[in-house]
Amino acid sequence: PVNFTPGQGRVWMISANDDFLIQIQNTRFIQNWRHRQAEYRHFEQIRDLFWRNFGEFTSFLVDEKLDQPSVQQLEVTYINWIPPDLAMSDFLRPGNAAQISLAGLGRYPDQQSWIARFSFPGAEDLIERLYVQCLPASRHDAPDVQGSQFALTMHMTRATGISTEELRSEEHT
């Protein structure tokens, strides 16, 4: 189904199984994967599907003799649920460094959060960053179960737009 909200320049396309949502706005093409009933997808699968869908969208624009998008922002987020039986200190090196020693007793925090931003050198006016977050979380289908949510977000932006060549370059895929 396609939902269009007048005045906002936004179109939503939802996959038949409700796992994917593509949102097209004046300056953005956003794809979200939502874990429903299908098997959990890995980042590479989501990334490849994003580029296939974006390619189909731009081909549609060419076929219809419409302008190509002026993409000002590209953002890809991958979120992974870490079950409660795997402590953050076991899968995230900075989480492991959070151990303290009191009276000779080594102890990890009962709960911790970790957030980092990494900037990448690029063209002078192109901003590229990787955000890494690991936070305590619970799942909507089991709110009493406490685990961790690990998220990687790659963000690229330029006020004047990002060229198709930059969008498709190997180092950004």
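Shown above is the structure to which this text applies.
Presented here is an overview of the structure given in this document. Please read these numbers as outputs of a predicted model, since none were measured by experiment. (Residues numbered from 1 in each chain as written. Predicted model: local features only at pLDDT ≥ 70, side-chain atom pairs only at ≥ 80, totals over all residues. Heavy atoms only, no water.)

### Topic: the pattern of salt bridges
Evaluation of the coordinates by the stated rule reveals three salt bridges. In this structure, the salt-bridge partner of Arg47 is Asp48, at a minimum N-O distance of 3.2 Å. Among the residues examined, Asp48 registers a relative accessible area of 44% and is labelled partly exposed. Between Asp125 and Arg158 there is a salt bridge, with its nearest N and O atoms 3.0 Å apart. Of this pair, Asp125 sits in the loop between strand E8 (114-120) and strand E9 (127-139) while Arg158 sits in the loop between strand E10 (142-157) and helix H4 (164-168), and the two are 33 residues apart along the sequence. For Asp125, a relative accessible area of 43% puts it in the partly exposed group. (Salt bridge = Lys/Arg side-chain N within 4 Å of Asp/Glu carboxyl O. Buried < 20%, exposed > 50% of the residue type's maximum accessible area, 1.4 Å probe, protein only. Helix = DSSP H or I, 4+ residues; strand = E, 2+ residues; numbered from the N terminus.)

### A look at the layout of surface pockets
If a probe as big as a water molecule is rolled over the atoms, it shows which places are left empty. In this structure, the largest pocket encloses a volume near 770 Å³. Taken together, 27 residues make up the lining of the largest pocket; nearest its centre are Trp33, Arg34, His35, Thr77 and Ile79. For the lining of the largest pocket, the element with the highest residue contribution is strand E5 (residues 73-82), accounting for nine residues. Space inside the second largest pocket adds up to approximately 240 Å³. If you trace the second largest pocket, you find 16 residues lining it, with Ala87, Met88, Asp110, Gln111 and Ser148 closest to the centre. Elements with a minimum of two residues in the lining of the second largest pocket: helix H2 (88-91) and E10. Top contributing element to the lining of the second largest pocket by residue count: E10, with three residues. The residue makeup of the lining of the second largest pocket, split by class, is nine nonpolar, six polar and one charged. (1 Å grid on protein atoms, 1.4 Å probe; cavity = no way out; pocket = protein on both sides within 12 Å on 5 of 7 lines; lining within 4 Å. Points joined across faces, edges and corners; volume = space filled by probe spheres on them. Nonpolar A, V, L, I, M, F, W, Y, C, P; charged D, E, K, R; others polar.)

### A word on the sheet that holds E10
Spatially, E5-E10-E9-E8 is the arrangement adopted by the four strands of the open sheet, whose pairing is antiparallel. Strands with a single pairing partner mark the edges of an open sheet, and in this sheet they are E5 and E8. Ignoring which end each strand starts from, the neighbouring axes of this sheet average 15° apart. By the bridge criterion, 13 bridges tie E9 to E10 in an arrangement that is antiparallel. Within E10, the position partnered with Gln133 by the bridge is Ala151. (Pairing = 2+ DSSP bridges. Axes fitted to C-alpha atoms, helices over the stretch in contact; angles between N-to-C directions.)

### Brief notes about the pairing of E9
By the bridge criterion, seven bridges tie E8 to E9 in an arrangement that is antiparallel. The residue of E9 that forms the bridge with Ser119 is Arg129. Where E8 folds back on E9, the antiparallel hairpin that results is connected by six residues.

### Side note on the packing of aromatic side chains
In total, this model carries six aromatic pairs according to the counting rule given. Here the aromatic rings of Phe29 and Phe54 are separated by 5.2 Å at their centres, their planes lie at 75°, and the arrangement is edge-to-face. Here the residue Phe29 occupies a position in strand E4 (residues 29-33), and Phe54 occupies one in helix H1 (residues 43-63), the gap between them amounting to 25 residues. By relative accessible area, Phe54 is classed as buried at 5%. Centre to centre, the rings of Phe50 and Phe54 are 6.3 Å apart; their planes meet at 5°, and the pair counts as stacked. Separated by four residues within a single helix, Phe50 and Phe54 lie in helix H1, roughly one turn from each other. For Phe50, a relative accessible area of 6% gives the class buried. By way of ring pairs, the aromatic residues Phe29, Phe50, Trp51, Phe54 and Phe57 are connected into one cluster. (Phe/Tyr/Trp six-rings, centres within 6.5 Å; stacked < 30°, edge-to-face > 60°.)

So yeah, pure geometry; function would need other evidence.
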